[in-house]
Amino acid sequence: MSSLTIIQGGEVGRMFELKEGESSVGRSPESDVVVDVAAVSRRHAVIEKNGGRVQVRDLGSRNGTYVNGSRVIERAELREGDQMVICDVVFVYGRSADDANKRTYTGSLLSPAPIADDNQGSSVLATLDVSRGASSAWQVSAKPETQLQAILEISSNLSNTLDVREILPRVLDSLFKIFPQADRGFVIRRPDPEGPLATVASKARRGDGSTDMHISNTVVEQAMQSQQALLSADAASDERFSMAQSIADFSIRSLLCAPMVSSEGESLGVIQIDTRDQRSRFTDQDLQVLAGVANQAAISIDNAQMHEVAIKQRALQRDLEVAHQMQQALLPTSSPDAPGYHFFQYYESALQVGGDYYDYVQLPEGRFAAVVGDVAGKGVSAAILMAKLSSDVRFWLASEEDPAKALCKINEAFSRHGWDDRFVTMLVAVVDLATNELTLVNAGHMPPMLRDATGKVQEVGGDQAGVPLGVIDDFEFDSYKRTLESGDFLTIFTDGFSEAMNSRRDLFGIERLQEALEDSSVASDDLGPHLLKKVREFAGDFPQSDDMCLVCLGRE
């Protein structure tokens, strides 16, 4: 009586007698040879017995039928001692039950390619134990010294470069030395946090593998989300991946997938290797090795990302230094040529570039203007906006004799650009040297302070102040006018002075500013430096939180 006997997987030792004619093989309970494995098709194959001839015919099963290691394309002969493999179940064919049970398999099921050894020449780096005393999951593993050499090679590669794109393919090369049974290897990452997974490095042992380089998102997503390394001895029948068609398409019999987790606990991607050989499944020890390699790769990616950030920061720092130099170049290099007047100015941004601004503009008919502005916000965007605004200020002050009308034009031009929610406070002070008349136009700025010859300090022009630039595009600004007498001293400042903070987060405030200007022991010529000194003493070592701009002008 001819029979099939299970020698590995399923119910080892179970024998199925083969009747004359056809014997069905499959997962269905109605089959003559029932193989109760999820990866086996319900109607998987047929054994055709016709006299002394026995053939196996595959019925188009998803995972195929193998005879002595070769896949059955149409049909294949079964002879005494032949092995038939369906998924992970191995049968031996015998003409009698006694022959099948007595038979032991002595041939090698795996012939891994030898790898050159510098000291010993060519040597076998993988072993396979198929004796009955061995585990039913036949294993392939590289020699320990080869594993150690490959792991050291990976460690050296990862530590010698900060370009992960160069190093990850080398990691796969080393992994193929550690795992001779591996058919494919992938490094998979999500380049865009919101984008799809992408293969950033891949390797196939046979040919270029271009037609087979499909990954299973199911496996990768599970490893990344759980942050656990996964081992499947039979991926095709593993219920965790039952919906992963790519596993079935490639006939993956065993796979390892280890996530790369950053120091901050973020899943950076995975390293996956798999094999088609159902008799060379990966082991728990293999999983530990791959998990260790994935951890090293994650550290390398962390370091590469930090290096990339550092490079970008250095580039940004250089750009900011250039922007700082350009902004300083936009500030006036000297005070106006105004006989009988003295000036003091100070500017310091909280960051390398800022949104505060001041300028002196020589006007026709013996006049000059002092302008102070403050863009809502600070940093690069505020500085760019203020640089654009400064050219408009010079143009319209020179074109319009009336400072109020000039500021209306500046506001219209500013509003047309549509700077979202940005606005600018600005104060323009125009002095006519012939009459010493002061004209103030205020666009939402803090009123300046005027100290007269008697030492009295008061805010001026507050009642005539309008809205900031960019709030109402057709706003009509009003003017405040008065004659500057000998000894009068005008102080224009931004909120970086009045809102300067100390370590207790107290504000310097308007009252302290006024007290500093009322100090009778300080001459008019020294009031600007005196005010700056008072603010610095108040703030101490507490970092500057806002741009600071101060413009002072006094009549002798």
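Residues numbered from 1 in each chain as written. Predicted model: local features only at pLDDT ≥ 70, side-chain atom pairs only at ≥ 80, totals over all residues. Heavy atoms only, no water.

So, the overall build of the protein
Operational definition: The way it works is that DSSP assigns letters per residue, a run of H or I at least four long becomes a helix, a run of E at least two long becomes a strand, and they are numbered from the N terminus. Between buried and exposed lies partly exposed: a residue is buried under 20% and exposed over 50% of the maximum accessible area for its type, with that area taken using a 1.4 Å probe on protein chains only. We call two residues in contact when some of their heavy atoms are within 4.5 Å. Surface accessibility in these figures is a Shrake-Rupley result with a 1.4 Å probe; residues are shielded only by whichever protein chains are displayed.
The helix and strand inventory of the protein stands at 11 helices and 30 strands. Within the protein, buried positions represent 49% of all 556 residues. Considering only residue pairs separated by 6 or more positions, the protein has 60% of its internal contacts joining residues 24 or more positions apart. Element-wise, carbon and sulfur atoms account for 47% of the exposed surface of the protein, whose accessible area totals about 27000 Å².

A word on the packing of helix α10 (residues 509-517) against helix α11 (residues 527-539)
Rules: For helices, the fitted axis covers only the stretch in contact; all axes are lines through C-alpha atoms, and the angles between them, taken along N-to-C directions, range from 0 to 180 degrees. An angle counts as roughly parallel when it lies under 35 degrees, as roughly antiparallel when it exceeds 145, as roughly perpendicular when it falls between 65 and 115, and as oblique in every other case. For any helix crossing, the convention is left-handed if the near helix is rotated counterclockwise from the far helix by under a right angle, and right-handed if that rotation is clockwise. Three residue categories are used. Nonpolar comprises Ala, Val, Leu, Ile, Met, Phe, Trp, Tyr, Cys and Pro, charged comprises Asp, Glu, Lys and Arg, and polar comprises the others, including Gly.
The contact between α10 and α11 brings their axes to 9 Å, and the two run at 140°. With respect to α11, the axis of α10 lies oblique. In the packing of α10 onto α11, the handedness of the crossing is right-handed. Where α10 approaches α11, its residues Arg512, Leu513, Ala516 and Leu517 are matched on the opposing element by Leu527, His530, Leu531, Lys534 and Phe538. Considering only residue class, the contact of α10 with α11 consists of 6 nonpolar, 1 polar and 2 charged.

Quick notes on unusual backbone geometry
In the Ramachandran plot, Asn68 falls in the positive-phi region, its phi being about 50° despite a non-glycine side chain. Inspection of the secondary structure puts Asn68 in the loop between β7 (65-67) and β8 (70-71). Backbone geometry places Gln227, a non-glycine residue, at a positive phi of 55°. Among the structural elements, Gln227 can be located in the loop between α4 (217-226) and β18 (230-232).

Looking at the pattern of salt bridges
For clarity, the cut-off: One speaks of a salt bridge when a side-chain nitrogen belonging to Lys or Arg is within 4 Å of a carboxyl oxygen belonging to Asp or Glu.
Counted according to the given criterion, the structure contains 12 salt bridges. Of the charged contacts, one joins Glu48 and Arg75 as a salt bridge, the two residues approaching to 2.4 Å between their closest N and O atoms. Here Arg75 lies in strand β9 (residues 75-77) and Glu48 lies in strand β5 (residues 45-50), a separation of 27 residues in the sequence. Residue classification places Arg75 among the partly exposed positions, given a relative accessible area of 41%. For Arg394, the salt bridge goes to Asp359, with nearest N and O atoms at 2.8 Å. Here the residue Arg394 occupies a position in helix α7 (residues 380-399), and Asp359 occupies one in strand β22 (residues 356-363), the gap between them amounting to 35 residues. On the basis of relative accessible area, Arg394 is assigned to the partly exposed category, the value being 39%. A relative accessible area of 3% places Asp359 in the buried class. Beyond isolated ion pairs, a larger network of salt bridges with shared partners links Glu22, Glu48, Arg57 and Arg75.

Section: the nonpolar core
What counts is decided by this rule: Throughout this description, the term nonpolar core refers to a set of buried Ala, Val, Leu, Ile, Met, Phe, Trp, Tyr and Cys residues connected via side-chain atoms within 4.5 Å.
In this structure, Leu175, Phe179, Met260 and Ile271 are the most contacted members of the largest nonpolar core, which totals 27 residues. Taken together, the elements giving at least two residues each to this core come down to α3 (164-178), β19 (254-261), β20 (267-275) and α6 (284-330). When residues of this core are assigned to their parent elements, the largest contribution, 8 residues, is made by α6. Discounting chain neighbours no more than four positions away, the residues touching Phe179 are Arg205, Leu256, Ile273, Phe282, Asp286, Val289 and Leu290.

Examining the sheet that holds strand β17 (residues 198-204)
How we decide: Strands are treated as partners if at least two bridges between them are detected by DSSP.
Strand order in this open sheet of 5 strands is β17-β16-β20-β19-β18, and the pairing throughout is antiparallel. Because the sheet does not close on itself, it has two edges, and the strands there are β17 and β18. Strand-to-strand, the axes of this sheet are offset by a mean angle of 10°, without reference to chain direction. Together, β16 (184-189), β18, β19 and β20 form the strand contacts of α4, whose direction differs from that of β20 by roughly 135°.

Focus: helix α8 (residues 403-416)
The line we're drawing: Between the first and last residue of a helix there are one fewer steps than residues, each counted as 1.5 Å, and that sum is the expected span. Counting of polar contacts relies on pairs of N or O atoms within 3.5 Å, with two restrictions inside protein: one atom must be capable of donating a hydrogen and the other of accepting it, and residues adjacent in sequence are counted only when both atoms are side-chain atoms.
When the terminal C-alpha atoms of α8 are compared, their 20 Å separation across 14 residues agrees well with the 20 Å that a helix rising 1.5 Å per residue should span. What α8 keeps buried is the set Pro403, Ala404, Ala406, Leu407, Cys408, Ile410, Asn411, Ala413 and Phe414. Turning to α8, the residues buried within the fold contact α7, β24 (424-432) and β25 (437-443). A distance of 3.0 Å separates the backbone nitrogen of Ala404 from a side-chain oxygen at the start of α8, and that oxygen is part of Asp402.

Looking at the packing of α7 against α8
Their axes nearest at 9 Å, the elements α7 and α8 cross at an angle of 145°. As α7 runs across α8, the sense of the crossing is right-handed. Across the interface between the two elements, Leu385, Leu389, Asp392, Val393, Trp396 and Leu397 from α7 touch Ala406, Lys409, Ile410, Ala413 and Phe414 from α8. For the contact of α7 with α8, the residue count by class is 9 nonpolar, no polar and 2 charged.

As for the packing of aromatic side chains
Heads up, the condition is: Paired rings are identified among Phe, Tyr and Trp, the last through its six-membered ring, by centres lying within 6.5 Å, and are further divided according to the angle between planes into stacked (under 30 degrees), edge-to-face (over 60) and tilted (the rest). Whether a charge lies above a ring is judged from NZ of Lys or CZ of Arg, which has to be within 6 Å of the ring centre and within 35 degrees of the ring normal.
Following the criterion strictly, the structure yields 10 aromatic pairs and no others. For the pair Phe343 and Tyr360, a centre-to-centre distance of 5.6 Å together with 65° between the ring planes defines the contact as edge-to-face. Within this pair, whereas Phe343 is found in strand β21 (residues 341-348), its partner Tyr360 is found in strand β22, the two being separated by 17 residues in sequence. On the basis of relative accessible area, Tyr360 is assigned to the buried category, the value being 7%. Centre to centre, the rings of Tyr358 and Tyr360 are 6.0 Å apart; their planes meet at 75°, and the pair counts as edge-to-face. In terms of burial, Tyr358 and Tyr360 fall into one category: buried. One aromatic cluster in this structure is built from Tyr341, Phe343, Tyr358, Tyr360 and Phe368. Taking the ring centre of Phe176 as reference, the NZ or CZ of Lys203 above it sits at 5.3 Å.

From the geometry alone we can't say anything about function, so treat these as descriptive.
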